[in-house]
Amino acid sequence: KKKHSPNPLHLAAAAAGLLPPVAMSAAGDRSPPREEGRASIRARALPSGPPAGRLIDDILVEILSRVPAKELCRCKSVSKHWFGLIHHPDHRKRLPQTLAGFFYGSSAGTTAQRLLELPFRFTSVSGDRCPPFGASLTFLPNHHLPVDLLDSCNGLLLCRCYHVSDGVGAFHYVVCNPATQKWVVLPSSCKDSSEVATTSLGFDPALSSHFHVFELVVEQNYTQDTELCGVAVYSSETGEWIYKEKRWNRASRHSATVFLDGLLFFRVLDLEYHDCVAAVDTKGETWMKFRVPGGQVDDFGLADGFVQQMLFRVPGGPADDFGLAHGFIQQSQGCLHFANFQRDEHGVGIRLVVYVLKNYESEEWIVKHSIKTSDICGWTDLWLDADFDFIAIHPECNSLFFIAGGVTLMCYNMDNRQVKVISYLGGAKPLFLPYVPLYTESLSLHC
Amino acid sequence: MAATPADASSSSSEAVVGGEKSNKMITLISSDGESFEATEEAAKMSVTIKHMIEDGCADDGIPLPNVPAKILSMVIEYCNKHAADADDTNKHVADPADADEDDDNNNNNASAGEKEDLKSFDASLVAVDQATLFDIILAANFLSIKGLLDLACQKVADDIKDKSVEEVREIFKIENDFTKEEEEAVRKENAWAFNE
């Protein structure tokens, strides 16, 4: 067993037999053909010099591949040589990657699901617009274009492709890796898009080189509520869909999902209209539900918000979410985070609280961070519906990304309580998908 | 014709599997001319040396012009320790039929204890100054000793993880060749990683 700290990509790639054994890439390429014997050892004598100066690039990459992603980013500023090494296409696949930025674009208002339509735009974490590769997915052959982008997970993208030959409104799924330009077409799940609340991609290279696609299947009941009735899961290992029925609570069509620890986390309202995070495993067999903090009927008038929205619900309108759009789940540093605003009696957000779900058995949420909204750059009148949209929490650090006022991409650092503007974006209420590049080749994709 | 006793013994030693290891000693010569002896088994933890032995080049001792004596003795210490561990594991596995419940537990405890022992051995082996650590890495790379390379690289990675950029440059004796503007730009690009 390797003793180095888990570098997910490295481990997964090595486990999948995709990388040459670690030390061999340093020395193996140079190992003498057997006939050479002693002569080759002399030939490989290295020039003398200060010890560190003699470290060849391969060895440096060996060392750097064991450094966590955040520290690796710092190492980029050590020297030009190191910068080049870390970015070099040959080495990228061995080095931990982190959040590069976000795909964004308008979310089609007319469809039932949240998705991005072409053209996709990209913003890096520092605000520049250059994606690390072609973001328009032109490597997909013509018969799979145009596409809608549904989800991203650890470097893979889940798309919906329409083609005339599919029939009107019909589509097929494609999962692709834009960094390696590999993709695969999925067989149909046989669920109509009107029946599917969300389609999510689950891929964790640390657990497996295979991915899963989840469709949360819903139906409108007699009171026009959207009820979860099951989950369809595709496994790239079996190449097949399974469907597991589960008559359950109200699901949302518009909330982000999180794939963590082999579970898909999503939002539901339970039978008492309590806001919950639910989870299902890749076999559709284990189901869990956790009430979120602040989702109770007597907290800060949140229930009033629910009730009002239900009373004035417009069919097909945003109120279908039952207020679930507020409060947001995300994976960061290996744990499930939930961020929400506590509101006053008028519904104005007065305090941002971030919780972490430490323990699935005990259902315990720990408060990780709490700050008055007026202390975040002096906001005093934060109308959550109009002024604020959560986007993501950085997978490696305590930074929260959000859109303020519908146009400004900002980042709030929980550690030093500083807010920073990243860039100004056009477009009304764009949808964002975080992107972490994956440079290793995956067995589950092919050309 | 009946085999002579000598023939019988030589063929039986060739036929031995698992239990008996060759006690043949290999001579390794450091860059400064010092000779070290290691069992063939330990020496073969280096894939480079293993090939040489198998190619029959090792009979007069193996010169290692890149590895100074101080480092070579540490490397041999590592190989001895880990070769012995591999051997013990094989011994435990060798007789599953003979093991009963108690034996299993004893074996597990023994191997758990041995693992701890090995871990602390490894930790103290690499608890050295940076220059020596780099020399170990170079030697392990040159000799193709994967376990030692992993161990030493991980140690360096752990060391630099909590260091500032300046400190990392010092450790690796690297000059900062960015201009002020360039360095600013790189830092800005990766601002999230700097806790300032």
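Since this is a predicted model, take the numbers as computed values, not measurements.

Q: Explanation requested: the overall build of chain B in the structure shown.
A: Along its length, chain B carries 9 helices and 3 strands. Ordered by position in the sequence, the α and β elements of chain B form the string α-β-β-α-α-β-α-α-α-α-α-α. Evaluated residue by residue, chain B yields a buried proportion of 38% over its 196 residues. Excluding contacts between residues fewer than 6 apart, the proportion of contacts in chain B whose partners are at least 24 apart in sequence is 61%. With the model as given, the accessible surface of chain B reaches about 10700 Å², and the carbon-plus-sulfur share is 51%.

Q: Just checking my understanding: could you explain the overall build of chain A for this structure?
A: When you go through chain A residue by residue, the secondary structure sums to 9 helices and 26 strands. Across the 447 residues of chain A, 56% fall into the buried class. Pairs at least 24 apart in sequence give 50% of the contacts found in chain A among residues at least 6 apart. Of the accessible surface of chain A, which amounts to about 18700 Å², a share of 53% is contributed by carbon and sulfur atoms.

Q: Any chance you could explain the UniProt feature "domain: SKP1 component dimerisation" (unreviewed entry) in chain B here in plain terms?
A: Cross-referencing UniProt, the feature "domain: SKP1 component dimerisation" (unreviewed entry) maps to residues 146-193 of chain B in the present numbering. As annotated, residues 146-193 of chain B has a helix share of 71% and a strand share of 0%, and its two end C-alpha atoms lie 31 Å apart.

Q: Can you help me understand the pairing of strand β26 (residues 431-435) of chain A in this one?
A: Walk down a regular strand and you will see the side chains alternate between the two sheet faces. Residue and element names in this part refer to chain A. Counting buried residues in β26 gives 4 out of 5 residues, a clear majority hidden from the surface. Where strand β1 (residues 101-105) meets β26, 5 bridges bridge the pair, whose relative direction is antiparallel. Within β26, the position partnered with Gly 101 by the bridge is Tyr 435.

Q: How should I be thinking about the packing of aromatic side chains in this particular structure?
A: In this description, a pair of aromatic rings is defined by centroid distance and the angle of the planes. Residue and element names in this part refer to chain A. The tally for this structure, following the rule as stated, stands at 20 aromatic pairs over all chains. A ring pair is formed by Phe 265 and Tyr 360, whose centres lie 5.7 Å apart and whose planes are at 55°; its orientation type is tilted. You can see Phe 265 sitting in strand β14 (residues 263-269) and its partner Tyr 360 sitting in the loop between β19 (348-359) and β20 (364-372), a full 95 residues away along the chain. Each of the two residues, Phe 265 as well as Tyr 360, counts as buried.

Q: Looking at this structure, I do not really get the pattern of salt bridges. What am I missing?
A: As a working rule, side chains carrying opposite charge can pair if their charged atoms are close by. Residue and element names in this part refer to chain B. Overall, the coordinates contain 16 salt bridges over all chains when judged by the stated rule. With its nearest N and O atoms 2.9 Å apart, the salt bridge here joins Lys 146 to Asp 150. On the criterion of helical spacing, the pair formed by Lys 146 and Asp 150 is a turn pair, its members being 4 residues apart in helix α7 (residues 146-161). Residue Asp 150 is classed as buried on the basis of its relative accessible area of 8%.

Q: Just to check I follow, could you spell out the UniProt feature "domain: SKP1 component POZ" (unreviewed entry) in chain B for this structure?
A: When the UniProt feature table is mapped onto this chain, "domain: SKP1 component POZ" (unreviewed entry) is found at residues 24-83 of chain B. When the span residues 24-83 of chain B is considered, its composition is 45% helix and 20% strand, and the gap between its end C-alpha atoms is 14 Å.

Q: Explain the pairing of strand β9 (residues 211-220) of chain A here, please?
A: Residue and element names in this part refer to chain A. Of all 10 residues making up β9, 8 are buried, and the element is well covered by its neighbours. Here strand β8 (residues 196-203) runs beside β9; their pairing, made up of 7 bridges, is antiparallel. When the sheet's bridge partners are listed, Gly 202 is paired in β9 with His 212. Sheet topology note: the β9/strand β10 (residues 226-235) ladder contains 9 bridges and is antiparallel.

Q: What should I look at first to understand helix α6 (residues 80-87) of chain A in this one?
A: The periodicity of an α-helix, 3.6 residues per turn, causes residues three or four positions apart to be oriented the same way. Three or more residues of α6(A) are buried, namely Trp82(A), Leu85(A) and Ile86(A). Mapping the buried residues of α6(A) onto a view down its axis gives an arc of 95°, with all of them on the same face. Considering only its buried residues, α6(A) is in contact with α4 (57-64), α5 (69-75) and α7 (89-92) of chain A together with α8 (165-172) of chain B.

Q: Can you help me understand helix α6 (residues 130-143) of chain B in this one?
A: All names here are of chain B. Here α6 is 14 residues long and its end C-alpha atoms lie 20 Å apart, about the 20 Å a rise of 1.5 Å per residue gives. Of all 14 residues making up α6, 12 are buried, and the element is well covered by its neighbours. Residues of α6 that are buried: Thr 132, Leu 133, Phe 134, Asp 135, Ile 136, Ile 137, Leu 138, Ala 139, Ala 140, Asn 141, Phe 142 and Leu 143. You can read the cap of α6 off the contacts: a side-chain oxygen lies 3.2 Å from the backbone nitrogen of Ala 131, and it is on Asp 129. Among the residues trailing α6, Ser 144 stands out with phi positive, at a value near 55°.

Q: How should I be thinking about the sheet that holds strand β2 (residues 35-39) of chain B in this particular structure?
A: Residues and elements named next belong to chain B. In space, the 3 strands of this open sheet follow the order β2-β1-β3, with mixed pairing throughout. Strands at the two margins of the open sheet, each flanked by one partner only, are β2 and β3 (62-63). Sheet topology note: the strand β1 (residues 25-29)/β2 ladder contains 5 bridges and is antiparallel. Across the sheet, the residue bridging to Met 25 is Thr 39, located in β2.

Q: Any chance you could explain the sheet that holds strand β5 (residues 156-161) of chain A here in plain terms?
A: Sheet strands pair via backbone hydrogen bonds, and the direction of the pair is either parallel or antiparallel. Residue and element names in this part refer to chain A. Reading across from one edge, β2-β4-β5-β6-β7 is the order of the 5 strands in this open sheet, with antiparallel pairing throughout. Two strands close off the open sheet at either side, each with one partner strand: β2 (116-117) and β7 (182-185). Judged from the 4 bridges that link them, strand β6 (residues 172-177) and β7 form a sheet pairing that is antiparallel. Bridge pairing in β7 links Cys 176 to Trp 183.

Q: Before we go on, may I ask you to explain the nonpolar core in this structure?
A: As a rule of thumb, soluble globular proteins bury nonpolar side chains together. Counting residues in each nonpolar core, the largest one holds 62 residues, and the members touching the most others are Leu28(B), Ile137(B), Leu148(B), Ile160(B) and Phe172(B). If sequence neighbours within four positions are ignored, Leu148(B) has contacts with Val75(B), Tyr78(B), Leu125(B), Ile136(B) and Ala140(B).

Q: What am I meant to see in unusual backbone geometry here?
A: Of all residues except glycine, most have a negative phi; of all peptide bonds, most are trans. Not every positive phi belongs to a glycine, and Asp261(A) is a case in point at roughly 55°. Examined against the element boundaries, Asp261(A) turns out to sit in the loop between β13 (258-260) and β14. On the basis of relative accessibility, which here comes to 44%, the residue Asp261(A) falls in the partly exposed class. Located in the positive-phi region is Ser144(B), a residue other than glycine, with phi close to 55°.

Criteria and cut-off values
- Residues numbered from 1 in each chain as written.
- Chains lettered and ligands numbered in written order.
- Predicted model: local features only at pLDDT ≥ 70, side-chain atom pairs only at ≥ 80, totals over all residues.
- Heavy atoms only, no water.
- Helix = DSSP H or I, 4+ residues; strand = E, 2+ residues; numbered from the N terminus.
- Buried < 20%, exposed > 50% of the residue type's maximum accessible area, 1.4 Å probe, protein only.
- Contact = heavy atoms within 4.5 Å.
- Areas by Shrake-Rupley, 256 points an atom, 1.4 Å probe, with all protein chains shown as cover.
- UniProt positions renumbered as here; feature names shortened; annotations may be inferred.
- Pairing = 2+ DSSP bridges.
- Phe/Tyr/Trp six-rings, centres within 6.5 Å; stacked < 30°, edge-to-face > 60°.
- Salt bridge = Lys/Arg side-chain N within 4 Å of Asp/Glu carboxyl O.
- Arc of directions from axis to C-beta.
- Expected span 1.5 Å × (residues − 1).
- Polar contact = N/O pair within 3.5 Å; in protein donor to acceptor, adjacent residues only side chain to side chain.
- Core = buried A, V, L, I, M, F, W, Y, C linked by side-chain atoms within 4.5 Å.

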